[in-house]
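Residue-level listing of the chains:
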Amino acid sequence: MAHDVRLLSVEDLSASWELGRIAFGGPRQPPPAMLELRPGWQSYGAFDAAGRLVARAVDREQGHWFGGRLVSASGVAGVAAAAEARGTGLARRVLTALLEAARDRGAVISTLFPTTHGFYRRLGYEEVGSLVWTALSTSALSTLRHPPDVVLRPAEARDVPALLELYRTVARSGSGLMERSGSNFDTTADAVLAGHDGITIAEADGEIEGYASWDRGPGYDAAGRLSVDDLIGLSGPATTALLAMLGTWASVAPTLHLRLPQPDPAVLLAPFGGAIAHSRQPWMLRVLDAPGAVAARGWPEDVEGSVDLLIEDDTCPWNTGPHRLVLEGGHGRLEAGGTGEVRLGPRGLAMVYAGAADPTVLRRAGLVAGPARHDGFVRAATAGPPPALLDYF
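The text that follows walks through the structure, step by step, so that each part is easy to find. (Residues numbered from 1 in each chain as written. Predicted model: local features only at pLDDT ≥ 70, side-chain atom pairs only at ≥ 80, totals over all residues. Heavy atoms only, no water.)

1. Quick look at the overall build of the chain
- For the chain, the count of helices and strands is eleven helices and 18 strands.
- Taken over the C-alpha trace, the chain has a radius of gyration of 23 Å; the compact-globule value for 393 residues is 21 Å, and the two agree within 12%.
- Taken over the C-alpha atoms alone, the chain extends approximately 65 × 55 × 35 Å along its principal axes.
- Sorting the 393 residues of the chain into buried and exposed places 51% on the buried side.
- Sequence-distant contacts, at least 24 apart, represent 72% of the contacts inside the chain between residues at least 6 apart.
- Taken as a whole, the chain presents about 17,500 Å² of accessible surface, with 54% of it coming from carbon and sulfur.
- Counting 35 positive and 44 negative side-chain charges, the chain places the centres of these two groups 7 Å from one another. (Helix = DSSP H or I, 4+ residues; strand = E, 2+ residues; numbered from the N terminus. Rg over C-alpha atoms; globule rule 2.2 N^0.38 Å. Buried < 20%, exposed > 50% of the residue type's maximum accessible area, 1.4 Å probe, protein only. Contact = heavy atoms within 4.5 Å. Areas by Shrake-Rupley, 256 points an atom, 1.4 Å probe, with all protein chains shown as cover. Lys, Arg positive; Asp, Glu negative; His and termini not counted. Charge placed at Lys NZ, Arg CZ, Asp CG, Glu CD.)

Laid out in structure tokens, this is it:
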């Protein structure tokens, strides 16, 4: 049966909502905002001969920080197919069209949170990190002492630009963290402050050095819980002061849920010995435009050299072929040509790009092949913080 794959229009959004509702659960009546075209979102769908929407996927314009530079990305979300259309290849057709269009608009990588690994691996994605919620007994922090030079206070509207920049400072030094600006984030002061029960600021000498955004769960007995979306500190005293504040909730909220990258300074400043991973949501990455992705991210300034790669990519065939990866002065470029000594497909390329695994591991998994003498260069080039996300999409 022939199917038409195209960009969805506003007239298709009701059917798109219903398709997603059946796949993921949710209310029958869509929120009004879901029946409007959203800036920065492009939805693609497959229609059968009767004009019914039977598969869809959403491309979100977003950015991720790698090596201190912001990399343009396609955040893929809402991939769904009608029950009768599953296993027919329609979801793959829709995603392939989405990826090509995302590359044409300037995205050089794509990221997503998978509901299944096998399907996305066949499309060249690979798991590079996780969004982790850590559960910790609040009493573990109750013995921390508040540093005398740090002042805590609730955030005000005038503080919001500084809070956003504080997060950006941490994201810039990390690997994979999302840029919180653009159409996917409402960064107005009212929206930021209304998004949480509280945002506590840590100040030293009149300068904001950290903040914690938190929400109070129900109850004040053994089930009481405090959820901390962000715990951001630029100094040890600021982070310690925020942790000590969280410890004061022990009598009414015995459990803390903290959304932290791995590793995080908080773990070095407080007794996290009894902490457990309350939830772990893996996320995956694939490279859309190999030369563009290499040029977009930052690389270690003290690593210079080159390695010849042979990239094989059936889903994004424009990446396929021999290339030479050249690094110098903190910048990288991927030039066409070379001997193709080191062979890798899109999954191996994703892992190398994100710095998510050692070349030795990738070689043992069959995601990289070729002379091992280049492993040291690849290892040094991709060294850095483990990839992490603090935002679900």
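2. Some remarks on unusual backbone geometry
- A cis geometry characterises the amide bond from Gln262 onward to Pro263, with omega recorded as -5 degrees.
- Although it is not a glycine, Asp205 adopts a positive phi angle of roughly 55 degrees.
- By the secondary structure assignment, Asp205 is in the loop between β9 (198–204) and β10 (207–216).

3. Comments concerning the side chain of Thr138
- Position of Thr138 among the secondary structure elements: in the loop between β6 (126–137) and β7 (151–154).
- Judged by its relative accessible area of 0%, Thr138 is buried.
- A polar contact of 3.2 Å, which involves the side chain of Thr138, links it to the backbone nitrogen of Thr255.
- Contact partners of Thr138, with chain neighbours within four places excluded, come to Leu246, Gly247, Trp249, Ala250, Ala253, Pro254, Thr255 and Leu256. (Polar contact = N/O pair within 3.5 Å; in protein donor to acceptor, adjacent residues only side chain to side chain.)

4. Digging into helix α4 (residues 160–173)
- The terminal C-alpha atoms of α4, which comprises 14 residues, lie 20 Å apart, in line with the 20 Å expected from a rise of 1.5 Å per residue.
- All buried positions along α4 are accounted for by Val160, Leu163, Leu166, Tyr167, Arg168 and Ala171.
- Of the surrounding secondary structure, the elements contacted by the buried residues of α4 are β3 (53–66), β8 (175–178), α5 (189–194), β9, β10 and β11 (225–233). (Expected span 1.5 Å × (residues − 1).)

5. Quick look at helix α1 (residues 13–24)
- The end-to-end C-alpha distance of α1, which contains twelve residues, comes to 16 Å, matching closely the 16 Å that a straight helix rising 1.5 Å per residue would cover.
- All of the buried residues along α1 are Leu13, Ser16, Trp17, Leu19, Gly20 and Arg21.
- Looking at the buried positions of α1, the neighbouring elements they touch are β3 and β4 (69–81).
- Just past α1, the residue Gly25 takes up positive phi, approximately 85 degrees.

6. Description of the sheet that holds strand β14 (residues 305–311)
- Strand order in the open sheet formed by five strands is β16-β15-β14-β17-β18, and the pairing between neighbours is mixed. Taken across any chain shown, the strands that pair with only one partner, and hence form the sheet edges, are β16 (331–336) and β18 (368–369). (Pairing = 2+ DSSP bridges.)

7. A few points about the side chain of Thr134
- By the element assignment, Thr134 lies in strand β6.
- What makes Thr134 buried here is its relative accessible area of 9%.
- Leave out the neighbours within four places in its chain, and Thr134 touches Leu256, His257, Leu258, Gln262, Phe272, Ala275, Ile276 and His278.

8. Focus on the packing of aromatic side chains
- A complete count under the given rule lists seven aromatic pairs for this structure.
- Seen in terms of ring centroids, Tyr120 and Tyr125 are 6.0 Å apart; in terms of plane orientation they differ by 85 degrees. Their pairing is edge-to-face. Each member of the pair Tyr120 and Tyr125 is classed as buried.
- Considering the side-chain rings of Trp299 and Tyr353, the 6.4 Å spacing of their centres and the 85 degrees angle between planes classify their relative orientation as edge-to-face. With Trp299 in the loop between α8 (290–296) and β14 and Tyr353 in helix α9 (residues 346–354), this pair connects stretches of sequence that are 54 residues apart. Each member of the pair Trp299 and Tyr353 is classed as buried. (Phe/Tyr/Trp six-rings, centres within 6.5 Å; stacked < 30°, edge-to-face > 60°.)

9. As for the nonpolar core
- One finds Ile109, Tyr167, Tyr211, Leu285 and Tyr353 to be the most contacted residues of the largest nonpolar core, which totals 55 residues.
- Other than its neighbours up to four places away in sequence, Tyr211 contacts Leu163, Leu166, Tyr167, Arg180, Ile199, Thr200, Ile201, Asp230, Leu231, Ile232 and Leu242.
- Counting residues in hydrophobic clusters, the runner-up holds 31 residues, among them Leu8, Phe47, Ala57 and Tyr125. (Core = buried A, V, L, I, M, F, W, Y, C linked by side-chain atoms within 4.5 Å.)

10. Some words on the environment of Arg168
- Along the chain, Arg168 falls in helix α4.
- Separated by eleven residues in sequence, Arg168 and Glu179 place their C-alpha atoms 7.0 Å apart.
- If we skip the residues at most four places from it in the chain, Arg168 touches Trp65, Glu179, Arg180 and Ser181.

11. Some remarks on the pairing of strand β13 (residues 276–287)
- When strand β5 (residues 109–112) meets β13, the two strands line up antiparallel, connected through four bridges. Residue pairing for β13: Ser110 is matched across the bridge by Arg286.
- The pairing of β6 with β13 spans nine bridges and is classified as antiparallel. Residue pairing for β13: Ser130 is matched across the bridge by Pro282.

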